[in-house]
Amino acid sequence: IAPLEHLATQEETVIRDQAITSLCSVVERRPALAPEYLVPALHRLATKPDFFTARVSACALLPTAYRFAADDQKAGLRKAYTTLCADDTPMVRRAAAHKMKDLIGVCDKQDILTDLINVYRQLSQEDTQDT
């Protein structure tokens, strides 16, 4: 998973997208890897301050990571998503908004109402061209 995490930070979109696809494929075949490897990798990507590309990749990984994460990790993933939705970089906010439907599809109703509905409202108020 570490080499794919590194590729997910690259500037080239094709490389990043293929790394994300591969990470998701690995975890779907071996769900036990998600709590120990994918969720920490996602948190590292989501908190990389140097380039926005890692945070965009974190957005793409969120639905799969959330689906296979341990129950005690899910609140942290929702918090990471909320942070990504408020990122300073419009491309990160756009990537987070783009993955909202997929994330909501794997969340419990109560978690949606508690954590994600406010994020939806926040994103729907955006009037920036890039989001």
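Residues numbered from 1 in each chain as written. Predicted model: local features only at pLDDT ≥ 70, side-chain atom pairs only at ≥ 80, totals over all residues. Heavy atoms only, no water.

Student: Explanation requested: the overall build of the protein in the structure shown.
Tutor: A count of helices and strands for the protein gives eight helices and zero strands. When its helices and strands are written in sequence order, the protein yields α-α-α-α-α-α-α-α. Contacts spanning at least 24 positions in sequence make up 61% of the contacts within the protein whose residues lie at least 6 apart. Of the roughly 7400 Å² of accessible surface on the protein, a fraction of 52% belongs to carbon and sulfur atoms. (Helix = DSSP H or I, 4+ residues; strand = E, 2+ residues; numbered from the N terminus. Contact = heavy atoms within 4.5 Å. Areas by Shrake-Rupley, 256 points an atom, 1.4 Å probe, with all protein chains shown as cover.)

Student: When you look at the nonpolar core in this model, what are you seeing that I'm missing?
Tutor: Considering soluble globular proteins, one finds that nonpolar side chains tend to be buried as a cluster. Counting residues in each nonpolar core, the largest one holds 34 residues, and the members touching the most others are Leu-38, Leu-42, Leu-61, Leu-77, Tyr-81 and Leu-84. Mapped onto this core, the elements with two or more residues apiece are helix 2 (13-29), helix 3 (33-46), helix 4 (52-68), helix 5 (71-85), helix 6 (90-98) and helix 7 (100-106). If you tally residues by element for this core, the top one is helix 4, at 10 residues. Ignoring anything within four residues of it in the chain, the contact list for Leu-61 reads Ile-20, Leu-23, Cys-24, Leu-38, Leu-42 and Leu-45. (Core = buried A, V, L, I, M, F, W, Y, C linked by side-chain atoms within 4.5 Å. Buried < 20%, exposed > 50% of the residue type's maximum accessible area, 1.4 Å probe, protein only.)

Student: Just checking my understanding: could you explain the packing of helix 4 against helix 5 for this structure?
Tutor: Geometry of a packed helix pair, given as the angle between the helix axes and the separation of the axes. Running from amino to carboxyl end, helix 4 crosses helix 5 at an angle of 150 degrees, the nearest separation of the two axes being 10 Å. As the angle between them shows, helix 4 and helix 5 are arranged roughly antiparallel. In this structure, the crossing between helix 4 and helix 5 has a hand that is left-handed. Every residue of helix 5 that contacts helix 4 at Arg-55, Ala-58, Cys-59, Leu-62, Ala-65 and Tyr-66 is listed here: Lys-74, Leu-77, Arg-78, Tyr-81 and Leu-84. Tallied by class, the residues present in the contact of helix 4 with helix 5 amount to eight nonpolar, no polar and three charged. (Axes fitted to C-alpha atoms, helices over the stretch in contact; angles between N-to-C directions. Parallel < 35°, antiparallel > 145°, perpendicular 65-115°, else oblique. Left-handed = near helix turned anticlockwise from the far one by under 90°. Nonpolar A, V, L, I, M, F, W, Y, C, P; charged D, E, K, R; others polar.)

Student: Looking at this structure, how should I read the pattern of salt bridges?
Tutor: Close approach of charged atoms allows side chains with opposite charge to pair. The tally for this structure, following the rule as stated, stands at five salt bridges. Close ionic contact of Glu-5 with Arg-44 constitutes a salt bridge, the shortest N to O distance being 2.8 Å. One end of the pair, Glu-5, is in helix 1 (residues 2-7); the other, Arg-44, is in helix 3, with 39 residues separating them in the sequence. A relative accessible area of 42% means that Arg-44 is categorised as partly exposed. Taking the shortest distance from any N to any O, the salt bridge between Lys-74 and Asp-71 comes out at 3.9 Å. Within this pair, Lys-74 and its partner Asp-71 are both found in helix 5, separated by three residues, close to a single helical turn. In this structure Asp-71 comes out as exposed when scored by relative accessible area, which is 67%. (Salt bridge = Lys/Arg side-chain N within 4 Å of Asp/Glu carboxyl O.)

Student: Before we go on, may I ask you to explain the environment of Arg-44 in this structure?
Tutor: Between the C-alpha atoms of Arg-44 and Ala-58, which are 14 residues apart in sequence, the distance is 8.5 Å. A distance of 2.8 Å separates the side chain of Arg-44 from the side chain of Glu-5, its partner in a polar contact. (Polar contact = N/O pair within 3.5 Å; in protein donor to acceptor, adjacent residues only side chain to side chain.)

Student: What exactly am I supposed to notice about the environment of Glu-11 here?
Tutor: Counting through the fold element by element, Glu-11 comes out in the loop between helix 1 and helix 2. With 40 residues separating them in the primary sequence, Glu-11 and Phe-51 have C-alpha atoms 8.4 Å apart. With sequence-adjacent residues up to four places away left out, Glu-11 is seen in contact with Arg-16 and Thr-53.

Student: How should I be thinking about the packing of helix 3 against helix 4 in this particular structure?
Tutor: Two elements in contact, helix 3 and helix 4, have axes separated by 8 Å at closest approach and are oriented at 155 degrees. Judged by the inter-axis angle, helix 3 sits roughly antiparallel to helix 4. As for how helix 3 packs across helix 4, the hand of that crossing is left-handed. Contact residues: helix 3 offers Ala-34, Pro-35, Leu-38, Val-39, Leu-42, Leu-45 and Ala-46, while helix 4 offers Ala-54, Arg-55, Ser-57, Ala-58, Leu-61, Leu-62, Thr-64, Ala-65 and Phe-68. By residue class, the composition of the contact of helix 3 with helix 4 is 13 nonpolar, two polar and one charged.

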